[in-house]
There are 2 protein chains.
Amino acid sequence: MHIGSIEQDGDRRVVVRESDDVGVVLPAEYTDVESVLLSPAERWREAAATAMHEGPRIALADAAWLPPVHRPGKVLCVALNNSANPDRILSGPDTPAMFVKPSSSLIGHARPIRLRAEFGRVHPEPELAVVIGRGGTDIAAEDALSHVFGYTIINDLTSPTMRGEDTFHYRAIHPDPTADDGIRYVESWVSYPARYKGTDTFGPIGPWVVTSDDIRDPHSLRITCSHDGRLVTDDNTANLRFSVAEVVSFASSYLTLEAGDVIAMGTALKRSAAGGAVQNVDLTALGGVVEVAIEGIGTLSNPVQRR
Amino acid sequence: MHIGSIEQDGDRRVVVRESDDVGVVLPAEYTDVESVLLSPAERWREAAATAMHEGPRIALADAAWLPPVHRPGKVLCVALNNSANPDRILSGPDTPAMFVKPSSSLIGHARPIRLRAEFGRVHPEPELAVVIGRGGTDIAAEDALSHVFGYTIINDLTSPTMRGEDTFHYRAIHPDPTADDGIRYVESWVSYPARYKGTDTFGPIGPWVVTSDDIRDPHSLRITCSHDGRLVTDDNTANLRFSVAEVVSFASSYLTLEAGDVIAMGTALKRSAAGGAVQNVDLTALGGVVEVAIEGIGTLSNPVQRR
């Protein structure tokens, strides 16, 4: 089932896809996909079946899309998780490295990405995202997929300019029992992602969450990214370095996962035959429309505006 | 006024400080400090006055403390924001650098910090935190303090071991119009903070939020950190590099601030006369109790357990 969140007459409502063009609106008790996944499966599935039979229809082209989960407890993003990356990595962890994107950065399908000149370069990062249905701590890899409610699309917008600005080259304090004052300095680099990953509108997400029963294998999905109709990336989730089960299990052994949490699996990187790289799509300079499509899930499309 | 969140008979309730030992419980409609700051000031202040007159009392020593805001939209943390830092910084931004700590990492006063051997070194970071009362975007510095509901204490626990593990030395892709494929590689370092800053229990916070009318100047407060009764840090919020107003204004020009958001202002660093540095307090090895106190706000104390 394809489930999304929309705004209708000032209220947040849930819509289920009937066809490419038509959606069915669920009763008002369902206010976003989180409210669906928190209710018993028999209950919301029955509500969806009833709505399919007799519920109000909307034209999807006119829908005012919202992020599927209105305000996730966290949006956890895996960095450098494509099998194409190791060639570029001189040193790094053998486990998933992650950062948190604030919920205030999320926008729905078709809503504008709003950029300012001072953001510097901003490029798209097309990614598969997981929506957690049942929370947990220390989830075993073999149980991990049972904690997944469904899959969606996220465009993990990134400003490499702000990333460079928010990187420190500094002398970190390390303990040193042999030193008089007990410490020594170690030259290090550290970077902080709140701005370059978390600025307003840097998290287009949706339009659909596809329930996990409708995704036979999350690691065999074609994923593409286009800018103004030109194909930039043509990759497949088969190229993820760490799998969904590995990431859910590893993350949950440090950060308790909660129902409604979103995990972005990392950027699809493989260039399309048309060439280029996502890093060449500087949205601040180019404007236009950026689109991420994942086989079996849908297409997330957002125009770029200057703010 | 000093306002906190507690658990009582399985419910979340709000408590107001009457004395060092006694608190007054507000009516059940107030479920955490966010529910207070979202209600009109006249209304909750009248409820507090009525409770002071005739509400139920509790012994604060027995309270089951919760994070003041149950589930903040975001916990935004400023890095390297102490005037003692510039000596150590070889290069870095002239504006506040920030990261996001997930709400799942927060714990209340007196709750245990739970550590595992594989977390490596873990040290405390004593910090003043701001609770946003009124959200906004592009807040001017001169208006910024009017958006602050109050001030609290956060211990921004950090694992430098996991920070090192989650740092990549890699070849970043930069656009290059002169190259055949339009890109070139630039050797870079990037680090991701979800684990080393966001692991469960890495965010002790509270016990009190002190409303801003009771804090004449947030930049003249003594702030100390002790481990097992030994004073490690003895600093003052006068040593913050970027002020509360500057941080609120700057952050809001990138990330919309929402009511209930928490901003951690950065670590107090100045060593006490007893010597040492917070980096020498390796809680994974030492265990014990870690305490952060801020003048006029209170004392946040948490025991360390092995998980």
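These lines cover the structure that appears in this document, whether it is placed above or below.

What counts and how
- Residues numbered from 1 in each chain as written.
- Chains lettered and ligands numbered in written order.
- Predicted model: local features only at pLDDT ≥ 70, side-chain atom pairs only at ≥ 80, totals over all residues.
- Heavy atoms only, no water.
- Helix = DSSP H or I, 4+ residues; strand = E, 2+ residues; numbered from the N terminus.
- Buried < 20%, exposed > 50% of the residue type's maximum accessible area, 1.4 Å probe, protein only.
- Least-squares fit on C-alpha atoms with pLDDT ≥ 70 in both.
- Contact = heavy atoms within 4.5 Å.
- Pairing = 2+ DSSP bridges.
- Axes fitted to C-alpha atoms, helices over the stretch in contact; angles between N-to-C directions.
- 1 Å grid on protein atoms, 1.4 Å probe; cavity = no way out; pocket = protein on both sides within 12 Å on 5 of 7 lines; lining within 4 Å.
- Points joined across faces, edges and corners; volume = space filled by probe spheres on them.
- Nonpolar A, V, L, I, M, F, W, Y, C, P; charged D, E, K, R; others polar.

Turning our eyes to something else, we now look at unusual backbone geometry. Look at the link from Gly206 of chain A to Pro207 of chain A: it is a cis peptide, with omega at -5°. Inspection of the secondary structure assignment puts Pro207 of chain A in the loop between β15 (203–204) and β16 (209–211). With phi around 45°, Leu80 of chain B is a residue other than glycine that occupies positive phi space. Note on Leu80 of chain B: relative accessible area 16%, which makes it buried. Its identity as a non-glycine residue notwithstanding, Ala110 of chain B has a phi of 75°, on the positive side.

Below, the discussion takes up the relation of the copies chain A and chain B. Placing chain A over chain B gives an RMSD of 0.0 Å and needs a rotation angle of 180°, together with 0.0 Å of translation along the axis. Such values leave the two copies arranged in the relation of a two-fold axis. Here 100% of the interface residues in chain A have copies in chain B that are interface residues too; the copies meet face to matching face.

All names here are of chain A. The strand order across the open sheet built from 5 strands is β10-β21-β20-β17-β18, with neighbouring strands paired in mixed fashion. Both edges of this open sheet fall to β10 (113–115) and β18 (230–236), since each of them pairs with a single strand only. Within the sheet, the average angular offset between the axes of one strand and its neighbour, ignoring direction, is 15°. For strand β17 (residues 222–227) and strand β20 (residues 289–294), the ladder comprises 5 bridges, and the chain directions are antiparallel. Of the residues in β20, the one forming a bridge with Ile223 is Ile294.

Here the focus is the layout of surface pockets. Its volume calculated, the largest pocket comes out at about 430 Å³. Forming the boundary of the largest pocket are 19 residues, of which Pro67, Ser103, Ser104, Leu106 and Ile107 of chain A lie nearest the centre. Taken together, the elements giving at least two residues each to the lining of the largest pocket come down to β5 (64–66) and β9 (106–107) of chain A. Counted by class, the lining of the largest pocket contains 6 nonpolar, 7 polar and 6 charged residues. One number sums up the size of the second largest pocket: a volume of about 360 Å³. Along the walls of the second largest pocket sit 16 residues, with Pro67, His70, Ser103, Ser104 and Leu106 of chain B positioned nearest its centre. Elements that contribute at least two residues to the lining of the second largest pocket include exactly β5 (64–66) and β9 (106–107) of chain B. Of the residues in the lining of the second largest pocket, the class split is 5 nonpolar, 5 polar and 6 charged.

Once that is clear, we can look at the pairing of strand β18 (residues 230–236) of chain B. All names here are of chain B. Bridge count between strand β17 (residues 222–227) and β18: 6 bridges; the pairing is antiparallel. Bridging across to β18, Ser226 finds its partner in Leu231. If you look at the hairpin formed by β17 and β18, you'll find 2 residues sitting between the two strands, and Asp228 has a positive phi there, around 50°.

Another point: the environment of Met98 of chain B. By secondary structure assignment, the location of Met98 of chain B is in strand β8 (residues 97–101). Exposure remark for Met98 of chain B: the relative accessible area of 0% places this residue in the buried category. Not counting the four nearest positions on each side in its chain, Met98 of chain B is found in contact with Tyr192, Pro193, Ala194 and Arg195 of chain A together with Leu76, Cys77, Val78, Phe250, Ala251 and Leu255 of chain B.

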